[in-house]
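# Results of the structural survey
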Amino acid sequence: MGGNVQDAAAALLNAITPTQVQEWARSNDPKEWANESFKITESVTTKYCVMHDHSCDHPDGNVRIDQAYIDKNVPIVKEQLQKAGVRLADLLDKALGE
């Protein structure tokens, strides 16, 4: 994401489209957000779990976090950070009457 937090935050913010804001702010249910995040763990890309019926089992061995793994998953991390920011802003707007 880069060495400068402010630059990284600005880049994430500037990449969010109005359509994404509408879509991500549509739900204000943390349970939906958690289920959305759980779906990511089931992704082959993350290698976090392997689904067997209704059970999420960790893959055999350790997941190697190398540059290839990071390159595949950085877009997921960026989008999750963007969603969190949009959803938090929406909750604050509603709570503060904006």
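What this report covers is the structure whose coordinates are included nearby. (Residues numbered from 1 in each chain as written. Predicted model: local features only at pLDDT ≥ 70, side-chain atom pairs only at ≥ 80, totals over all residues. Heavy atoms only, no water.)

### Notes on the pattern of salt bridges
What counts is decided by this rule: Criterion for a salt bridge: a side-chain nitrogen of Lys or Arg within 4 Å of a carboxyl oxygen of Asp or Glu. Every helix listed is a DSSP run of H or I at least four residues long, and every strand listed is a run of E at least two residues long, numbered separately from the N terminus.
Applying the stated criterion to the full structure yields four salt bridges. For arginine 87, the salt bridge is made with glutamate 36, and the minimal N-O distance between the two is 3.1 Å. In this pair, arginine 87 is assigned in helix H4 (residues 67-95) and glutamate 36 in helix H3 (residues 30-41), connecting sequence segments 51 residues apart. Note that lysine 83 and glutamate 79 form a salt bridge whose closest N and O atoms lie 3.3 Å from each other. Taken together, the residues span about one helical turn, with lysine 83 and glutamate 79 both in helix H4 at a distance of four residues. Each of the salt bridges in this network shares a partner with another, and the network as a whole consists of Glu36, Glu79, Lys83 and Arg87.

### Overview of the side chain of glutamine 82
We apply this condition: Burial classes: relative accessible area under 20% of the type maximum marks a residue as buried, over 50% as exposed, and values in between as partly exposed (1.4 Å probe, protein chains only). By definition in these notes, contact holds between two residues if any of their heavy atoms fall within 4.5 Å.
Relative to the elements of secondary structure, glutamine 82 occurs in helix H4. Classification of glutamine 82 as buried rests on a relative accessible area of 10%. The contacts of glutamine 82, once residues within four sequence positions are left out, are Leu12, Ala15, Ile16 and Trp24.

### Quick look at the packing of helix H2 (residues 18-25) against H4
To be explicit about the condition: Axes, fitted as lines to C-alpha atoms, cover a helix only where it is in contact. Angles between the N-to-C directions of the axes lie from 0 to 180 degrees. Working definition: roughly parallel below 35 degrees, roughly antiparallel above 145 degrees, roughly perpendicular at 65 to 115 degrees, and oblique for all remaining angles. Whether a crossing is left-handed or right-handed is set by the direction in which the near helix is turned from the far one by less than a right angle, anticlockwise for left-handed and clockwise for right-handed. Note on residue classes: Ala, Val, Leu, Ile, Met, Phe, Trp, Tyr, Cys and Pro are nonpolar, Asp, Glu, Lys and Arg are charged, and everything else, Gly too, is polar.
It is the contact of H2 with H4, at a shortest axis distance of 9 Å, that shows an interaxial angle of 70°. Between H2 and H4, the angle is such that the two are roughly perpendicular. Here H2 runs over H4; the crossing is right-handed. When H2 is examined against H4, the residues Val21, Trp24 and Ala25 are found in contact with a partner set consisting of Glu79, Gln82, Lys83, Val86, Arg87, Asp90 and Lys94. Across the contact of H2 with H4, the residue classes tally to four nonpolar, one polar and five charged.

### Remarks on H3
As a reminder, the rule being used: A helix's residues, less one, multiplied by 1.5 Å, set its expected span. Throughout this description, a polar contact denotes any pair of N or O atoms lying within 3.5 Å of each other; where both atoms belong to protein, one of them has to be capable of donating a hydrogen while the other can accept it, and for residues adjacent in sequence the pair is counted only when both atoms sit in side chains.
Taking 1.5 Å of rise per residue, twelve residues should cover 16 Å, and H3 covers 17 Å from first to last C-alpha, within 8% of that figure. The backbone nitrogen of lysine 31 lies 3.0 Å from a side-chain oxygen of the residue at the head of H3, namely aspartate 29.

### Describing the environment of alanine 68
As for its placement among the helices and strands, alanine 68 is situated in helix H4. Overall, alanine 68 belongs to the partly exposed group, its relative accessible area being 44%. In the structure, alanine 68 is positioned 17 residues away from methionine 51 in sequence and 23 Å away in space, judged by C-alpha atoms.

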